[in-house]
Amino acid sequence: MAEKRVYRSVLRSKRMIRDAFLHLLDQKNFEQITISDIVKQADLNRSTFYAHYSSIGAVIDEIQTEWIRTSMEMIRSLSCKTILNDPVSCLNVIGKALADFTKLSSQMNCGTNLTGYMEKYKQALVAEIFSRQEIPELVRNSPAFKSRLHFIIGGIMTAYQQWAMGKLDCSLEEVSMEIAVLIHPYFLELLDAKPSK
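Everything in this summary refers to the structure shown in the same document. (Residues numbered from 1 in each chain as written. Predicted model: local features only at pLDDT ≥ 70, side-chain atom pairs only at ≥ 80, totals over all residues. Heavy atoms only, no water.)

1. With respect to the packing of helix α6 (residues 87-107) against helix α9 (residues 143-164)
Quick reminder of the rule: Where helices are involved, their axes are fitted lines through C-alpha atoms of the stretch in contact, as for all axes, and angles between N-to-C directions lie from 0 to 180°. Only DSSP runs of H or I covering at least 4 residues are called helices, and only runs of E covering at least 2 are called strands; the numbering of each starts at the N terminus. Angle categories are assigned with fixed cut-offs, so that under 35 degrees is roughly parallel, over 145 is roughly antiparallel, 65 to 115 is roughly perpendicular, and the rest are oblique. For any helix crossing, the convention is left-handed if the near helix is rotated counterclockwise from the far helix by under a right angle, and right-handed if that rotation is clockwise. Contacts were defined at the residue level, with two residues in contact if any of their heavy atoms lie within 4.5 Å. Residue polarity is assigned by list, with Asp, Glu, Lys and Arg as charged and Ala, Val, Leu, Ile, Met, Phe, Trp, Tyr, Cys and Pro as nonpolar; anything else, Gly included, falls into the polar class.
Two elements in contact, α6 and α9, have axes separated by 9 Å at closest approach and are oriented at 50°. Classified by the angle between their axes, α6 and α9 sit oblique to one another. The way α6 lies across α9 gives a crossing that is right-handed. In contact with L91, N92, I94, G95, L98, A99 and T102 of α6, α9 contributes I156, M157, Y160, Q161, W163 and A164. Here the contact of α6 with α9 is built from residues that sort into nine nonpolar, four polar and no charged.

Written out as structure tokens, the structure reads:
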């Protein structure tokens, strides 16, 4: 029981540190944020910060990992049939995760963080789709499926990134609906596809 309390305390402290950092990022430039600022905002001491993170960069890495994990859990909870019947809901989950980190990257004036995040997110999405048992194994293992999947996921992510950077004059839902119109027939075809030789 004591171990459970300690674990919950660790999770709580880490959440407070991440939330404090995000709050401060809305208030001041990234370069101005110090560990002292974060612990003051979180109402914790420096030793608590260093017990969990080696630097502010480590906080950022965990924020992006958490966003990917949460997004994948939401997508994982949906069956292929549910996604095909309502692709916009699933696409909105993807769009929200990408928009959140695009905003964070923009606040930090650091495009390389966004590039790394986008690649991690893409790999997580591809792995999630490859793990789907509803897609026949022969189809999943075909070169056509793999190359098309990477192409489609890359296109989806680019569209949301452009939207998050303010380059598309529409809502998240409108982007999702446009993407759904483009990919829905393709994914229906994929589920019924015969593997290529």
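Still to come is the rest of the account.
2. Description of the packing of helix α4 (residues 56-76) against α6
It is at 9 Å that the axes of α4 and α6 come closest, and there the two elements cross at 175°. For the element pair α4 / α6, the angle class is roughly antiparallel. Two secondary-structure elements touch here, α4 through I60, I63, Q64, W67, S71, M74 and I75 and α6 through C90, V93, I94, A97, D100, F101 and L104. Taken together, the residues that form the contact of α4 with α6 break down as eleven nonpolar, two polar and one charged.

3. Considering the layout of surface pockets
Cut-off, in case you're wondering: Points on a 1 Å grid, built from protein atoms alone, make a cavity when a 1.4 Å probe fits but cannot get out and make a pocket when they are open with protein on both sides within 12 Å along at least 5 of 7 lines; residues with an atom within 4 Å of a point are the lining residues. Grid points are joined across faces, edges and corners, and a volume is the space filled by probe spheres set on the points.
Of the volumes computed, that of the largest pocket is approximately 160 Å³. At the level of elements, α9 and α10 (172-192) are the ones that each hand at least two residues to the lining of the largest pocket.

4. As for empty space enclosed by the protein
In total, this model carries one cavity of 30 Å³ or more according to the counting rule given. Considering only enclosed or pocket space, the largest cavity measures out at about 360 Å³ in volume. What lines the largest cavity is a set of 19 residues, among which I83, C90, I129, I183 and F187 lie closest to the centre. The set of elements that each furnish at least two residues to the lining of the largest cavity consists of α5 (80-85), α6, α7 (111-130), α9 and α10. The residue inventory of the lining of the largest cavity, partitioned by class, reads 16 nonpolar, one polar and two charged.

5. A word on α4
How we decide: To estimate how far a helix should reach, multiply one less than its number of residues by 1.5 Å. Under the scheme applied here, a residue whose accessible area is under 20% of the maximum for its type counts as buried, over 50% as exposed, and between as partly exposed, the area being computed with a 1.4 Å probe on protein chains only. Here a polar contact is recorded for every N or O atom pair within 3.5 Å, except that within protein the pair must consist of a potential hydrogen donor and a potential acceptor, and residues adjacent in sequence are included only if both atoms are side-chain atoms.
Taking 1.5 Å per residue as the helical rise, α4 with its 21 residues ought to reach 30 Å, and the 30 Å between its terminal C-alpha atoms agrees with that figure. The complete set of buried residues in α4 reads I56, V59, I60, I63, Q64, E66, I68, S71, M72 and I75. Between the side-chain oxygen of the N-cap and the backbone nitrogen of G57 there are 3.3 Å, and the N-cap of α4 in question is S55.

6. What about the side chain of S176?
Checked against the element boundaries, S176 lands in helix α10. For S176, a relative accessible area of 0% puts it in the buried group. If sequence neighbours within four positions are ignored, S176 has contacts with V88, L91, N92 and Y160.

7. What about the nonpolar core?
Stated precisely, the cut-off is as follows: What we call a nonpolar core is a set of buried Ala, Val, Leu, Ile, Met, Phe, Trp, Tyr and Cys residues that are connected through their side-chain atoms within 4.5 Å.
Ranked by size, the top nonpolar core spans 56 residues in total, and within it F21, I38, I94, Y121 and Y160 carry the most contacts. Looking at this core, the elements with two or more residues in it are α1 (2-27), α2 (35-42), α4, α5, α6, α7, α9 and α10. Looking at this core, the element that brings in the most residues is α6, giving nine residues. In this view, F21 contacts F30, I33, I38, I56, V59, I60, I63, L104 and M108; residues no more than four positions away in its chain are not counted.

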